Every structure is written in structure tokens, then in C-alpha cells.
Amino acid sequence: MASRSPQDTAKHAVAEKAAAMVEDKMVLGLGSGSTMRLTLLSIGRRIQAEGLSLKGVPTSEATAVLAREQGIELVELDARPELDLAFDGADEVVPGSFALTKGLGGALLREKLVAIAASWLVILVDDGKLVDQLGSRSPIPVEVVPFAHKTTARRLAKLGGEPVLRLASDGTPFRSDGGNLIYDLKMPPIGAPEGLAAAIKGITGVVEHGIFLGMAKDVIVGNADGTTRRLPAVLSRVDNGT
Ligand SMILES: O=C[C@H](O)[C@H](O)[C@H](O)COP(=O)(O)O
């Protein structure tokens, strides 16, 4: 077996830790991305070994396929508006406030809908995702409707960043599962994410953005040596975007 990179080791560790939190008959929110992929595989192993009966709301088509393969029954969020537990990855996490950037995989809209519906949202990251301020290592993904998207991008630019239209691997504009476009808004490190989040949301043509505030209840960090640690719990909450 090929040896794992330190980042892969961290992701596997955090995936195992997350899977251990699952209890029989739970209804889960199922996030997207590579860390979630490993988490779904770990949950699948528990289903095989222990016969757990689980339901889940997937946040992307890719997650839906994998979750079904693992034996998780898919349900509509409208049918189960309250989720027992949700897991997701993130692109940036600020320890203390648990402010997050998400959406580099393009699933931010469904991820936010599921995050808001979850009684307990657990964010799973490797050590490299921890930042002092959002925008330090990742742009802010912004999902916009295709109609007049360049006009929407010009308005985004007025917020002080550089919006870059995301392209797929074939060079055509990337489309989200909802058929929308994504601009990656490159910003200097963001001191006050609440204000920026509200300003982005206030632009007509914007569907949603990847700043998640006041949603994560728990952050589990995977370390390169295969251990994990929980960040201290959030003490205060800000706007959760509902
Ligand atoms: O749209 C994608 C999601 O927000 C992912 O959860 C995020 O990009 C983290 O993905 P990964 O675990 O692959 O780093």
C-alpha cells in the first residue's frame, strides 16, 4: 500500500473520529469533499460491522452516490427538517469563533441549508485549515445565478476583492449542482466576516456565499501524526444566516 501523505493521514484520522460519533437510527447531514468522502467510508464500515440503520441528507450529487453505496438511506431535507448530527469539511476554520470558509468543492449552497438544519454540526479538517482570519488561505466562494453574472461580479469587486469565475477542468465555467456559477472572491484577510457576509448576500444575483458563521458546534482537527483534537467550544454565536 502506498504511504499516506501527512494531510491524508490527518484526514483519515478525523474521518474515523467522526464515524465513531454516529449512533443507530440517526438522521445525518452529509457534507461534501475529500474529508467527507473518507468519513462516509468509515461510517460505511460501521454499518457493515454493526448493522447500524442510518438515514442522511446529502449536500451534493457525489455525496448522494457514495452515501447510498455505503448503505445510508437518503432522505429529503424537506421531509426531515431537523437533523440529529451533520458532518462536513471546510476550507478554513478560525479557532475560537468557529467561523468557516466553505465551498471550494462547489457544494456551499446545499451545505449551508443542511448546516442550518442540523442540531449539531461537526466540522472535520486537517491542521492546515486553521487560520487566524478568513481569507488567509482560501478565496470566498460565491454562488451566483448565470443571468448577468458579469454584472454581479462587478458589484462583488466593489467589496474590495477580486472575483474570479471558477472554471471546470475542461475550461468551461464550473456549474454547481444547482446549475449556478461560482466566483471565487480573493480578499485580503477578513477582520469582520459578519459585515462582508451581509454585504455579499445583499447583492442581487448572489445565491449564497461560503462564509459560515455561528453554525459549527464542534471542530475536530486531524494531525499529521494520525491523532485528532477537538477545538474548544464556541462561547458566543453570531448570525447563522437563516
Ligand atoms: O464545497 C465543498 C465543501 O465546502 C468542502 O467541504 C470543503 O471544500 C472541504 O473539502 P475537503 O475536505 O476536500 O478539503
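For clarity, every value in this text was computed on a predicted model and none was experimentally measured. (Residues numbered from 1 in each chain as written. Predicted model: local features only at pLDDT ≥ 70, side-chain atom pairs only at ≥ 80, totals over all residues.)

(A) Summary view of the domain arrangement of the protein. Each domain of the protein was delimited in the assignment, giving domain 1 (6–131 + 213–224) and domain 2 (140–210). One C-alpha centre belongs to domain 1, the other to domain 2, and the line joining them spans 24 Å. On the side of domain 2, 14 residues touch domain 1, which itself brings 14 residues to the contact. Elements with a minimum of two residues in the side of domain 1 that touches domain 2: strand E6 (99–101) and helix H4 (108–117). In terms of residue count, the dominant contributor to the side of domain 1 that touches domain 2 is H4 (four residues). Along the lines of polarity and charge, the residues of the side of domain 1 that touches domain 2 split into six nonpolar, four polar and four charged. (Domains from an automatic or database assignment. Contact = placed C-beta atoms within 7 Å. Helix = DSSP H or I, 4+ residues; strand = E, 2+ residues; numbered from the N terminus. Nonpolar A, V, L, I, M, F, W, Y, C, P; charged D, E, K, R; others polar.)

(B) Representation of the confidence of the model for the protein in the model. Summing up the model confidence of the protein, the mean pLDDT is 94 and the portion of residues at 70 or higher is 95%. The ipTM assigned to the predicted complex is 0.97, against a pTM of 0.94. (pLDDT = per-residue confidence, 0-100.)

(C) Here's a closer look at the UniProt feature "active site" (unreviewed entry) in the protein. With numbering matched to this structure, UniProt assigns "active site" (unreviewed entry) to Glu111. Following the sequence through the fold, glutamate 111 ends up in helix H4. Those residues in contact with glutamate 111 that sit more than four places away from it in its chain are Gly31, Ser32, Thr59, Asp88 and Lys102. (UniProt positions renumbered as here; feature names shortened; annotations may be inferred.)

(D) Summary view of the environment of isoleucine 200. Here isoleucine 200 shows up in helix H6 (residues 193–201). Isoleucine 200 sits in the buried class, given 22 other C-beta atoms within 10 Å. When the C-alpha positions of isoleucine 200 and leucine 159 are compared, they lie 7.9 Å apart, and in sequence the two are 41 residues distant. Setting aside chain neighbours within four positions, we find isoleucine 200 in contact with Val142, Leu156, Leu159, Val206 and His209. (Buried ≥ 20, exposed ≤ 12 C-beta atoms within 10 Å, placed from the backbone.)

(E) Quick peek at the packing of helix H1 (residues 6–19) against helix H2 (residues 34–50). Direction vectors running N to C along H1 and H2 enclose 45 degrees, while the axes themselves pass 8 Å from each other. Between H1 and H2, the interaxial angle falls into the category oblique. As for the relative orientation of H1 and H2, their crossing is right-handed in sense. For the pair formed by H1 and H2, the contact residues are Lys11, His12, Val14, Ala15, Glu16, Ala18 and Ala19 on the first element and Ser34, Thr35, Leu38, Thr39, Ser42, Ile43 and Arg46 on the second. Partitioning the contact of H1 with H2 into residue classes produces six nonpolar, five polar and three charged. (Axes fitted to C-alpha atoms, helices over the stretch in contact; angles between N-to-C directions. Parallel < 35°, antiparallel > 145°, perpendicular 65-115°, else oblique. Left-handed = near helix turned anticlockwise from the far one by under 90°.)

(F) Quick peek at the sheet that holds strand E5 (residues 92–94). Pairing within the open sheet is antiparallel, and its three strands lie in the order E5-E6-E12. At either margin of the open sheet sits one strand with a lone partner, and together these are E5 and strand E12 (211–212). Pairing analysis gives three bridges linking E5 to E6, with the strands arranged antiparallel. Across the sheet, residue valine 93 finds its bridge partner in E6, namely leucine 100. (Pairing = 2+ DSSP bridges.)

(G) Structural detail: the nonpolar core. Grouped together as the largest cluster of nonpolar side chains are 59 residues, with contacts concentrated most on Leu28, Ala86, Val122, Ile123 and Leu124. When residues of this core are assigned to domains, at least three map to each of domain 1 (6–131 + 213–224) and domain 2 (140–210). If sequence neighbours within four positions are ignored, alanine 86 has contacts with Leu28, Gly29, Gly31, Val114, Ala115, Ala118, Leu121 and Val122. (Core = buried A, V, L, I, M, F, W, Y, C linked by C-beta atoms within 7 Å.)

(H) Layout of the site of the ligand. Contacts to the ligand come from 17 residues, most closely from Gly33, Ser34, Thr35, Gly89 and Gly105. Counting residues per element, the ones that place at least two in the shell around the ligand are H2 and H4. Residue composition of the shell around the ligand, by class: four nonpolar, nine polar and four charged. (Near = placed C-beta within 6 Å.)

(I) Quick peek at H1. Counted at 1.5 Å a residue, the expected span for H1 with its 14 residues is 20 Å, and the 20 Å between its end C-alpha atoms agrees. Taken as a whole, H1 has its buried residues at Ala10, Lys11, Ala13, Val14, Ala15, Lys17 and Ala18. Considering only its buried residues, H1 is in contact with H2, strand E4 (85–88), strand E7 (121–126), strand E13 (218–222) and strand E14 (228–230). (Expected span 1.5 Å × (residues − 1).)

(J) Main features of the sheet that holds E13. A sheet is described by the order of its strands in space; here seven strands give the open sequence E3-E2-E1-E4-E7-E13-E14, paired in mixed fashion. The sheet terminates laterally at strand E3 (73–74) and E14, the two strands that pair on one side only. Of the strand pairs in this sheet, E13 and E14 are connected by three bridges, and their pairing is antiparallel. Looking across to E14, one finds that valine 221 is bridged to arginine 229. Strand contacts of H4: strand E1 (27–30), strand E2 (55–58), E4 and E7, with the helix running at about 145 degrees to E4, the strand carrying the most contacts.

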